[in-house]
Amino acid sequence: MSEVTSIPRELIRARYAVAAVFCVHGAVTGSFATRIPWIQDHAGLSAGQLGFALAFPAVGASVAMPLAAAISHRFGARAALRVLLALWTLSLTLPSLAPGLLTLSLALFAYGAAAGMSDVVMNAIGLETENRMGRSIMSGLHGLWSVGALLGSAGGTFAAHLGADARIHHLLAAAVLTVLGLLVCRYVLDPEVSPEEEAPPRFALPPRSALLIGAVGFCAVFAEGASLDWSAVYLRDELETSAGLAAASTTAFALTMAVARIAGDRIVDRFGPVPTVRAGGVLATVGGLLVVLAGHPAVAMTGFGLMGLGIAVVVPLAFAAAGRSGPNPSQAIAGVATITYTSGLIAPSAIGAVADATSLMVSFALVTTLAVGLIVFAGVLRSAGRDKVASSDAPLPEAAPRV
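Attention in this report is confined to the structure presented alongside it. Since this is a predicted model, take the numbers as computed values, not measurements. (Residues numbered from 1 in each chain as written. Predicted model: local features only at pLDDT ≥ 70, side-chain atom pairs only at ≥ 80, totals over all residues. Heavy atoms only, no water.)

As for the packing of helix H1 (residues 9-33) against helix H6 (residues 77-91)
The relative placement of two packed helices is expressed as an angle between their axes plus a distance between the axes.
1) Next: Put simply, H1 and H6 touch, their axes get as near as 10 Å, and they point 25° apart. Relative to H6, the element H1 is oriented roughly parallel. The handedness of the crossing between H1 and H6 is left-handed. Contacts between H1 and H6 involve Val21, Val24, His25, Val28 and Thr29 on the former and, on the latter, Leu81, Leu85, Trp88 and Thr89. (Axes fitted to C-alpha atoms, helices over the stretch in contact; angles between N-to-C directions. Helix = DSSP H or I, 4+ residues; strand = E, 2+ residues; numbered from the N terminus. Parallel < 35°, antiparallel > 145°, perpendicular 65-115°, else oblique. Left-handed = near helix turned anticlockwise from the far one by under 90°. Contact = heavy atoms within 4.5 Å.)

Given below as structure tokens:
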């Protein structure tokens with residue numbers, strides 16, 4: 001019997017459903033990132049003020065993510081995901097409505113809180129789906145997140161090229177994505193919680209096992225956040241491109257991440273997580289150097305693309321390793337996610353502060369330096385990342401999912 005036919009139809013459907021959830025989640029990020037220059041102009045912000053405001057999504061996520069495991073335990077993973085994903089898609093409308101720094105910061109705090117909680121729950125469901133299928137799917141799921149980011153950024157690029165008002169663009173995008181999210185959440189896994197299982201604490205520090213794994217994720221997310229939030233601004237301000245071409249740089253970054261993540265499961269299975277992450281660190285470093293040294297938009301866009309290739313599989317591997325590092329996957333994932341979102345907290349404000357003091361070129365030299373950290377710290381994924389799911393021939397767990 002083939003691998004596909006040996007897996008129950010309901011489980012295959014659940015796998016496609018959680019993949020669609022990742023896609024919807026990513027589309028919100030892509031839709032927002034490409035319109036950051038419009039939001040900056042609308043709110044009348046300097047680079048430093050924009051960097052300050054862009055720290056608030058990570059602040060909101062870091063504050064809210066420790067709640068995700070408790071919410072999922074109390075209400076069930078599927079119900080929690082349905083509500084949290086809807087809050088995330090609807091929050092897309094908030095930043096473009098903000099007229100100034102204070103309101104934008106508050107809007108981005110709420111935006112980040114919804115992003116972080118839904119992120120934790122969907123990754124925990126994705127890992128549960130991977131374990132029940134008996135083969136690696138986490139990189140592919142994150143690849144679908146990047147596909148969503150690509151689709152969202154492509155829509156944003158088109159809207160920016162037309163000179164469309166971001167408030168109207170984001171309202172329409174939020175409506176479509178909310179409906180799609182509610183539909184696909186009906187079919188994700190909803191694992192039963194044993195009555196004897198102790199509820200996770202509402203707030204908890206990251207477990208010790210998550211700290212070193214989180215360090216690898218920290219380096220990758222710093223580069224990812226800097227590229228998503230600042231690539232369009234970089235091309236517009238440093239290389240004096242049009243708004244449409246500047247937005248296209250974000251699309252190029254999202255495209256390379258999507259391609260690498262979709263192929264990532266096979267690459268990791270063949271070469272292992274450590275060589276894969278180290279090779280990715282080399283690509284990300286080269287990409288960062290191209291951005292810093294770019295004298296032409298095509299060179300900078302190539303650099304952003306290489307950074308996307310280099311960091312693509314790092315976060316999926318970190319989340320998968322975290323989910324297998326302790327008895328409570330949601331709590332461990334939340335711990336690593338908190339560390340990586342802290343990187344997201346630092347990245348926008350650091351880029352903006354350095355840009356104010358020097359230039360965006362110097363800011364991306366900092367990004368390039370941190371990309372080297374992927375090469376240095378990749379070894380921590382050696383054991384955790386390969387303690388794997390069962391082989392594809394192994395029997396499925398006896399507990400059937402409630403789908």
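As for the packing of aromatic side chains
1) Next: What the rule picks out here adds up to six aromatic pairs.
2) Next: Both rings, one in Trp88 and one in Tyr111, keep their centres 4.6 Å apart while their planes meet at 50°; by these two values the pair is tilted. Of this pair, Trp88 sits in helix H6 while Tyr111 is found in helix H7 (residues 101-133), placing the two residues 23 residues apart along the sequence.
3) Next: Ring centres of Tyr234 and Phe304 lie 6.1 Å apart, and the angle between their planes is 85°; on these two criteria the pair is classed as edge-to-face. Placement of the pair is Tyr234 in helix H10 (residues 208-238) and Phe304 in helix H13 (residues 297-311), with a sequence separation of 70 residues.
4) Next: Take Tyr234: its relative accessible area is 0%, and that puts it in the buried class. (Phe/Tyr/Trp six-rings, centres within 6.5 Å; stacked < 30°, edge-to-face > 60°. Buried < 20%, exposed > 50% of the residue type's maximum accessible area, 1.4 Å probe, protein only.)

Looking at the nonpolar core
1) Next: With 115 residues, the main nonpolar core has Leu81, Tyr234 and Phe364 as its most contacted residues.
2) Next: Ranked by the residues each element gives to this core, the list is headed by H10, at 15 residues. (Core = buried A, V, L, I, M, F, W, Y, C linked by side-chain atoms within 4.5 Å.)

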